[in-house]
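Given next are the chains, with one letter for each unit.
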Amino acid sequence: MRMTRRRALLGAAMSLTLLAAGCGSSDDGTDSTPAKTTVSDADVEAALQAGGNLTVWAWEPTLTKVVADFQIKYPKVKVNLIKNGSGNDQYTALQNAIKAGTGVPDVAQIEYYALSQFALSKAVTDLNTFGAKSLDGTFTPGPWSSVHAGDKIYGLPMDSGPMALFYNKEVFDKYGIAIPKTWEEYAAAAAKLHQANPKAWITSDSGDAGFTTSMIWQAGGRPYKVDGTTVSINFADPGTQKWTGLWQGLIDKKLLAPIPGWSDAWYKGLGDGTIASLVIGAWMPPNLESGVKAASGKWRVAPMPQWAAGEKVTSENGGSSLAVTEASQNKTLAYGFMKYATVAEGAQSRTDEGAFPATTAQINADAFKNKEFPYLGGQKANEVLAEAAANVAPGWSYLPFQVFANSVYNDSVGKAYTGGGTLQDGLKGWQDASTKYGQEQGFTIQ
């Protein structure tokens, strides 16, 4: 994963009515998928050897090498890798292609939070057709759960973002701040730092939908429950209130830097010590290395603070899958490429290139865990991050229209950061807006 996937994904929302299952075609021939319930591994390998054309829409940079290596191994397959924007930009292009019934790619990169929206509209294929259920145990719990909708599997995990605490050791040492192991200690550290230096903050937050849902997830909140087209939205649950209670205190005391993530000011703050920590996904190290070069050697990583001392509970923040579109005329070939990219040689290639893996083989490898990060003072950061991946709390669900929900987050919750009510009030507004939209799209909202 790279920075372009970390920005707040608050762009144009997709309409589910536009994503209604429709016809479409890839650029090549007829469907190579045999007309039977399950396609075997032998069938997939035969399709790869026979060859054909595939179109892949993805923005993840490590896929460039994966595609090159794949075509060397399978010279009869031609892969056209297209970056059609990232995040919502690509989703908009994909929905337009589906609506038009032409130009739909065979494979698309889709973030976990958006996958259910495409699955419900039947825009992507249930991979159980290809025996994807046999991959159970291949991926870490968070990503594997995120590609499921009931018993159906709509994508193969490409990477993951278990959350951890990245902190500026130089700043912490200067002000005598111990690494916070609980959120209570984190709040105390925030107050201590800002009192010692009014121009420094423990972290920044000006409102971000992905961060909010990740924090609620770790706190035990489960505001979304999805059963087909019946959806429950409830931000009054105890886990959500646990997080808002803590975070509202930080906002009220002005202990959070009001700096938008991924802005120039944000990078500057990370570099000069005025933003002293980040609670963020495990994909962060490459972004620090490339975007905050001046702070090389100063940053470290520690486990995510806990709600109760001694616990080990994390959540996911970011990550995406590869999915086969329903419109593809080469589904078997497309699945073969996806499996190569996410499970076989491609998984190791992407890990070597700096992506944080979703596969247990890569994440548990000694070479991965023992890798030293010069930027992080030589720390073996993956030891911490691999443990975080193993401790992701189960049971989280996204809305089947989460792309829309995230796009209107700042209309309600975002106001709490500028004095326009509380986080809990904002979440109620977000709930109401999401409920209204869901009902307009034909969902039963409880």
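Computed from a predicted model, the values in this text were never measured in an experiment.

**Comments concerning the sheet that holds strand β12 (residues 277–281)**
- Read across the open sheet, the three strands follow the order β12-β7-β13; overall the sheet is antiparallel. Strands at the two margins of the open sheet, each flanked by one partner only, are β12 and β13 (299–303). The average undirected angle you get between the axes of adjacent strands in this sheet is 30°.

**With respect to helix α8 (residues 209–218)**
- The buried fraction of α8 is high, at nine of 10 residues.
- Among all positions in α8, only Ala209, Phe211, Thr212, Thr213, Ser214, Met215, Ile216, Trp217 and Gln218 are buried.
- Backbone nitrogen of Gly210 and a side-chain oxygen of the N-cap are separated by 3.1 Å at the start of α8; the cap is Asp208.
- Following α8 by one or two positions, Gly220 adopts a phi angle in the positive range, close to 100°.

**Focus on the sheet that holds strand β3 (residues 107–111)**
- Reading across from one edge, β2-β1-β3-β14-β6 is the order of the five strands in this open sheet, with mixed pairing throughout. The strands lining the two open edges of the sheet, one partner per strand, are β2 (77–82) and β6 (156–157).
- Pairing between strand β1 (residues 52–57) and β2: six bridges, direction parallel. When the sheet's bridge partners are listed, Gly52 is paired in β2 with Val77.
- Helix α3 (residues 88–100) contacts β1 and β3 of the sheet and is inclined by roughly 135° relative to β3.

**Here we look at the packing of aromatic side chains**
- For the coordinates displayed, the defined rule picks out 29 aromatic pairs.
- With centroids separated by 5.2 Å and ring planes inclined at 50°, the aromatic side chains of Phe70 and Tyr74 adopt a geometry described as tilted. Considered together, Phe70 and Tyr74 belong to a single accessibility category, that of buried residues.
- Summarising the aromatic geometry, the rings of Phe130 and Tyr335 are spaced 4.8 Å apart at their centres and angled 10° between planes, so their arrangement reads as stacked. Taken together, the residues span a long stretch of sequence, with Phe130 in the loop between α4 (112–120) and α5 (141–146) and Tyr335 in helix α12 (residues 331–342) at a distance of 205 residues.
- Aromatic rings pair up to connect Tyr113, Trp217, Tyr224, Phe235, Trp396, Tyr398, Tyr409 and Trp430 into one cluster.

**Brief notes about the nonpolar core**
- Counting 110 residues, the largest nonpolar core has Trp247 and Trp430 as the members making the most contacts within it.
- Considering each element in turn, this core owes the most residues, seven residues, to α12.
- Residues in contact with Trp430, not counting those within four places in the same chain, are Ala209, Thr213, Tyr224, Phe235, Gln402, Ala405, Asn406, Val408, Tyr409, Ser412 and Val413.
- By size, the runner-up hydrophobic cluster in this structure holds 31 residues, among which are Trp266, Ala282, Trp283 and Phe373.

**Things to note about the pairing of β13**
- Burial analysis of β13 places four of its five residues in the buried class, the great majority of the element.
- Of the strand pairs in this sheet, strand β7 (residues 163–168) and β13 are connected by five bridges, and their pairing is antiparallel. Along β13, the bridge assignment pairs Asn168 with Trp299.

**So, the pairing of strand β14 (residues 320–324)**
- In terms of residue burial, β14 counts as a mostly covered element, since five of its five residues are buried.
- A two-sided burial pattern is seen for β14, the buried positions comprising Ser320, Leu322 and Val324 on one face and Ser321 and Ala323 on the other.
- Sheet topology places β6 next to β14; two bridges connect them, and they run antiparallel. Bridge pairing in β14 links Pro157 to Ser321.

**Details of helix α13 (residues 345–352)**
- Within α13 the residues assigned to the buried category are Gly346, Ala347, Ser349, Arg350 and Thr351.
- Buried positions along α13 lie against α2 (63–73), α12, α14 (360–363) and α15 (366–369).
- Residue Gly354 follows α13 closely and has a positive phi angle near 110°.

**Details of unusual backbone geometry**
- For Lys122, which is not glycine, the phi torsion reads 60° and is therefore positive.
- Residue placement: Lys122 occurs in the loop between α4 and α5.
- Positive phi, close to 70°, is recorded for Trp262, a residue that is not glycine.
- Relative to the elements of secondary structure, Trp262 occurs in the loop between β11 (256–257) and α10 (264–272).
- Judged by its relative accessible area of 16%, Trp262 is buried.

Cut-offs applied
Numbering of residues starts from 1 in every chain and runs along the sequence as written. The predicted origin of the model limits local features to residues at a pLDDT of at least 70 and limits the giving and counting of side-chain atom pairs to 80 or more, whereas totals for whole chains, interfaces and linings rest on all residues. Values shown for side chains rest on all heavy atoms present in the structure; no hydrogens or waters enter the calculation. Only when DSSP finds a minimum of two bridges between them are two strands counted as paired. In this description a helix means any DSSP run of H or I spanning at least four residues, a strand means any run of E spanning at least two, and both kinds are numbered starting from the N terminus. What counts as an axis is a line fitted to C-alpha atoms, over the stretch in contact for a helix, and the angles between N-to-C directions run from 0 to 180 degrees. Type-normalised accessible area, obtained with a 1.4 Å probe on protein chains alone, sets the label of each residue: buried when under 20%, exposed when over 50%, and partly exposed for intermediate values. Here a polar contact is taken to be a pair of N or O atoms separated by no more than 3.5 Å, where protein atoms must pair a possible hydrogen donor with a possible acceptor and residues adjacent in sequence count only if both atoms sit in side chains. Pairs of residues are marked as contacts when any of their non-hydrogen atoms sit within 4.5 Å. The criterion for an aromatic pair is that two Phe, Tyr or Trp rings (for Trp, the six-membered ring) have centres within 6.5 Å, with stacked assigned to planes under 30 degrees apart, edge-to-face to planes over 60 apart and tilted to the rest. Note on terminology: a nonpolar core comprises buried Ala, Val, Leu, Ile, Met, Phe, Trp, Tyr and Cys residues joined through side-chain atoms within 4.5 Å.

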